[in-house]
Amino acid sequence: MLNLQRTLNRPINFSGIGLHSGTIANVSIKPQEQNTGIVFVRTDLKENNVILANYQNVSASTLCTTISNSNRNSVSTVEHLLAALYITGVDNALIEINNIEVPIMDGSSLDFVELINKVGTKEQKSERKVLSVNQKHKLKIDNKFISIEPNNDGLVVDFKLNYKNPTIGSQRNIIDFSKDDLKDVYSSRTFCLYEDIEKIKKLGFAKGGSLKNAVVVQDYKVLNEGGLRNKLEFVNHKILDLAGDFLLSGFRINGKITSIEGGHNLSINFLSKMFNEISIERESLIDRVKSTKTVIQKLPNQIAVNS
């Protein structure tokens, strides 16, 4: 059976505060035609309000992923919603939003996944767009590293993080998105260190942040009531972010990703580098095919002359 594209059965609606902007946004996610991908529309703007969810449209990747169109109209903190679409198998959706930032909800993708599962999804006629890498691609920036290598059985992510904070410490998890129960991934919340909050706010971020939408860690304790949702919540949230960022590739990915100390900036830069390398590889393959065809076309005449 073909692996067909999917969209929502019917629209879903939600609202909430933006983690960084501190403003309220109303969002409606609607079914979309096949082969259209994920498209954001800023309904608070009368024109130039369409923003395609693509890595080439990423305009900022500090503490969140922001996408913009050519008129510099943007939507930020798209990663958790995109991760939910990846996990639930939605390839095509129209996302109408009346503000600059996707609501943070509880800091994870849990609410988004539950809303999508409630309405369900449906198959479309076109085959799903899948990227299967046939060679290893890698990128290192300072102490941060990411790579992808061939894997024909879907997306596998091996993620490692290492914090000096004793509560977070060193964590590693390997998630197979085709086979594993993903609840611990999509329910894992964004997090920060208590001592970094004022620094983040001085930079103009986290205006809507609270213990309701982020895990806050101070020395040896988690400040949130109830503690962590799972013992690997920190690294699981990093895997969630990565899944959301990789949906910006425009493809479902067949490959094994290894990431060490990764984040939004590393993932977006890696996508750009990977597609550039794939483009060069494809052009080289086309040149080799053309060269082979030329040899084949000339060969009969050479044989005729030699005989």
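In this numbering scheme, every chain counts its residues from 1 along its sequence in written order. Local features in this predicted model are restricted to residues of pLDDT 70 or higher, and side-chain atom pairs are both shown and tallied only at a pLDDT of 80 or more, whereas totals for entire chains, interfaces and linings draw on every residue. Side-chain figures throughout are based on the complete set of non-hydrogen atoms in the structure, without hydrogens or water.

Draft legend 1. Summary view of the pattern of salt bridges. One side-chain nitrogen of Lys or Arg within 4 Å of one carboxyl oxygen of Asp or Glu is enough to make a salt bridge. The final tally for this structure, using the stated rule, is 10 salt bridges. The salt bridge partner of Arg229 is Asp106, with a shortest N-O separation of 2.8 Å. Of the two residues, Arg229 is situated in the loop between β18 (221-222) and α5 (233-246) and Asp106 in the loop between β9 (93-97) and α2 (110-119); the sequence distance between them amounts to 123 residues. Each residue is placed in one exposure class: buried if its accessible area under a 1.4 Å probe, protein chains only, is under 20% of its type's maximum, exposed if it is over 50%, and partly exposed if it falls in between. Judged by its relative accessible area of 11%, Asp106 is buried. The helix and strand labels rest on DSSP assignments: H or I over at least four residues marks a helix, E over at least two residues marks a strand, and numbering proceeds from the N terminus.

Draft legend 2. Structural detail: the sheet that holds strand β5 (residues 50-52). Reading across from one edge, β2-β3-β9-β4-β5 is the order of the 5 strands in this open sheet, with mixed pairing throughout. Strands with a single pairing partner mark the edges of an open sheet, and in this sheet they are β2 (12-17) and β5. Adjacent strand axes in the sheet meet at a mean angle of 20°, parallel and antiparallel pairs treated alike. The pairing of strand β4 (residues 38-42) with β5 spans 3 bridges and is antiparallel. Within the sheet, the bridge partner assigned to Phe40 lies in β5 and is Ile51. The contact definition used throughout considers only heavy atoms, calling two residues in contact when any of these lie within 4.5 Å. Geometry is summarised by axes, namely lines fitted to C-alpha atoms with helices restricted to the contacting stretch, and by angles between N-to-C directions that run from 0 to 180 degrees. Each of β3 (24-31), β4 and β9 is contacted by helix α1 (residues 79-88), which is oriented at about 145° to β4, the strand it contacts most. The pairing criterion for strands is at least two bridges between them, as found by DSSP.

Draft legend 3. Examining unusual backbone geometry more closely. The backbone of Arg72 sits at a positive phi, close to 70°, despite the residue not being glycine. Within the secondary structure, Arg72 is located in the loop between β7 (66-68) and β8 (74-75). Judged by its relative accessible area of 76%, Arg72 falls in the exposed class. Within the chain, Asp142 stands out as a residue other than glycine whose phi angle is a positive 55°. Here Asp142 is to be found in the loop between β12 (137-141) and β13 (144-149). We classify Asp142 as exposed; its relative accessible area is 69%.

Draft legend 4. Examining the pairing of β13 more closely. One ladder, built from 5 bridges, connects β12 with β13; its direction is antiparallel. Residue Lys138 lies in a different strand from β13, and its bridge partner there is Ser147. Hairpin connection of β12 to β13: 2 residues between the antiparallel strands, including Asp142 at a positive phi of 55°.

Draft legend 5. Broad picture of the state of the cysteines. For the purposes of this analysis, a disulfide is any pair of cysteine sulfur atoms at a distance within 2.5 Å. Enumeration according to the criterion identifies 0 disulfides in this entry. Cysteine Cys64 shares no disulfide, and the gap to the nearest cysteine sulfur, in Cys192, comes to 14 Å.

That's the geometry; what it means functionally is another story.
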